[in-house]
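# Coordinate inspection notes
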Amino acid sequence: MTDLALALVRTLKGETLAKPPLWLMRQAGRYLPEYRELRGKSENFLELCYQPQTCVELSMQPIRRFGFDAAIIFSDIMVIPDALGRKVEFREGVGPVLEPIADERDIPSFEAARLADRLAPVWKAVAGLKATRPANVAVIGFAGAPWTIAAYMVEGRGGGEFTKARRWAWRDSASFERLIQALVAATAEHLVKQADAGADAVQIFDSWAGLLGESQFERWVIAPTREVVRRFKAAHPEIPVIGFPRGAGALYRDYASKTGVDAVGLDSTVPLAWARDELQSRVAVQGNFDNQALVAGGAALKTEVTRILDTLGRGPFVFNLGHGVLPETPPEHVAELVGLVRAWKA
Ligand code: 1CP
């Protein structure tokens, strides 16, 4: 059961609050000295993701420091390929490196028992976070969207344009569809289990949605996301889902109207008045302060926070960034941002 008193949940379900709730993508991470200290004790980032107590502590660090309205479970979108049996490692300064899927024979199939074997510690961490967080702080579960995960699985790493994955999707859509369907099953299952464990809302990160044109976006972003949402809602109809199709541009409109998500996360390039007129009438919106402005700080911080709140704050709105907090962000700038959002009046 989701907690209808939580500001985040109320907003995601379409209420406009006098004070918009606030959390930041990647609010736990290397910009925090207390994160670096705990992180330094562990060689391997992925192993960290399977230590429930440590995950709870890492999720709680930014809550204690800044008093956000939501705590996102400390994990990563790469736990899904890992749980499907693909090799995943994190390299310093590179990010995730996977054993690439070279051809059709490498496409894993979804097995619920294997997934549960690997991901049970993540679900345990969600339950631990729910028991630990202050009662007014929502717990957010998450997963990567099938397209974004498929792109990493085929390419083997990020940092480029995911050309192998995009060509495969055009060249042999039938086999690419098999990969996507395995990911739909795994993603839905992972989100349902996080909700079973107490998540008050879930977010689907489609970080590379913006690489696809209209027809491919429909097939590999909208259709699989709609199916993940359908399966999730069959188990948890009352728990809100946030979709984050980063870089989707004008296709945000189709995404908002066709996938069944309750809210969309806006990246920083989405024009605010357009989002208000075209998206906020259908779904709650979340975003979209530029993470580079948060690194820079200074007078622009206030102007931009005010511009965002004045445009979107009179409808269902969750203040967030347009992408994750960067490691070089001064924590004082985050504190300043929180103060500005809290002080805003409609
Ligand atoms: O200490 C370290 O060096 C690890 C840095 C780190 C952290 C803190 C990575 C590596 N992942 C995470 C945690 C994480 N990842 C969270 C939970 C923390 C929080 O939000 O507070 C979440 C929600 C993610 C999601 C994630 N991981 C995404 C989707 C969002 C996005 O940024 O687009 C993606 C694409 C990843 C992959 C990933 N994991 C880590 C890195 C450096 C990357 C990006 C690699 C790339 O750019 O391709």
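Whatever comes next refers back to the structure up there.
Now for a description of the structure that goes with this document. (Residues numbered from 1 in each chain as written. Predicted model: local features only at pLDDT ≥ 70, side-chain atom pairs only at ≥ 80, totals over all residues. Heavy atoms only, no water.)

### Concerning the packing of aromatic side chains
All told, the structure shown has 14 aromatic pairs when counted by the stated rule. Geometrically, the ring pair formed by Tyr35 and Phe74 is tilted, given 5.8 Å between the ring centres and 45 degrees between the ring planes. A residue pair is termed long-range when its members are at least 10 positions apart, and Tyr35 in helix H2 (residues 33-39) and Phe74 in the loop between strand S1 (70-72) and helix H5 (79-83) qualify at 39 residues. With a relative accessible area of 4%, Tyr35 lands in the buried category. Judged by relative accessible area, which is 8%, Phe74 ranks as buried. Linked through ring pairs, Tyr35, Phe45, Phe74 and Phe90 together constitute an aromatic cluster. In this structure, Lys193 is placed above the aromatic ring of Trp123, and the distance from its NZ or CZ to the ring centre is 5.9 Å. Taking NZ or CZ as reference, Arg246 lies 4.8 Å from the ring centre of Trp208, over its face. (Phe/Tyr/Trp six-rings, centres within 6.5 Å; stacked < 30°, edge-to-face > 60°. Helix = DSSP H or I, 4+ residues; strand = E, 2+ residues; numbered from the N terminus. Buried < 20%, exposed > 50% of the residue type's maximum accessible area, 1.4 Å probe, protein only. Lys NZ or Arg CZ within 6 Å of the ring centre and 35° of its normal.)

### Brief notes about the site of the ligand
Not every one of the 22 residues close to the ligand is listed here, only the nearest: Tyr35, Asp76, Tyr152, Ser207 and His323. Tyr152 places a side-chain nitrogen or oxygen 2.5 Å from an oxygen atom of the ligand. Considering the ligand on its own, with 890 Å² of exposed area, one finds that the protein chains cover 88% of that surface. Its residues placed into classes, the shell around the ligand shows 13 nonpolar, five polar and four charged. (Near = heavy atom within 4 Å. Polar contact = N/O pair within 3.5 Å; in protein donor to acceptor, adjacent residues only side chain to side chain. Areas by Shrake-Rupley, 256 points an atom, 1.4 Å probe, with all protein chains shown as cover. Nonpolar A, V, L, I, M, F, W, Y, C, P; charged D, E, K, R; others polar.)

### Regarding unusual backbone geometry
A positive phi angle is found at Arg26, which is not glycine, with a value near 60 degrees. By the secondary structure assignment, Arg26 is in the loop between helix H1 (7-12) and H2. For Arg26, a relative accessible area of 57% translates into the label exposed. With a phi angle near 55 degrees, Phe162 is a residue other than glycine that sits in the positive phi range. Here Phe162 lies in the loop between helix H7 (146-155) and helix H8 (163-171).

### Observations regarding the sheet that holds strand S9 (residues 317-321)
The sheet built from seven strands is open, its strands ordered S1-S4-S5-S6-S7-S8-S9 with parallel pairing. Each edge of the open sheet is held by one strand with a lone partner, namely S1 and S9. Each strand axis lies, on average, 25 degrees off the axis of its neighbour in the sheet, ignoring direction. Relative to strand S5 (residues 201-206), strand S4 (residues 138-144) is paired through five bridges, and the arrangement is parallel. From the neighbouring strand, Gly141 faces S5, where its bridge partner is Val202. Docked against the sheet, helix H9 (residues 173-196) engages S4 and S5, running at close to 170 degrees with respect to S4. (Pairing = 2+ DSSP bridges. Axes fitted to C-alpha atoms, helices over the stretch in contact; angles between N-to-C directions. Contact = heavy atoms within 4.5 Å.)

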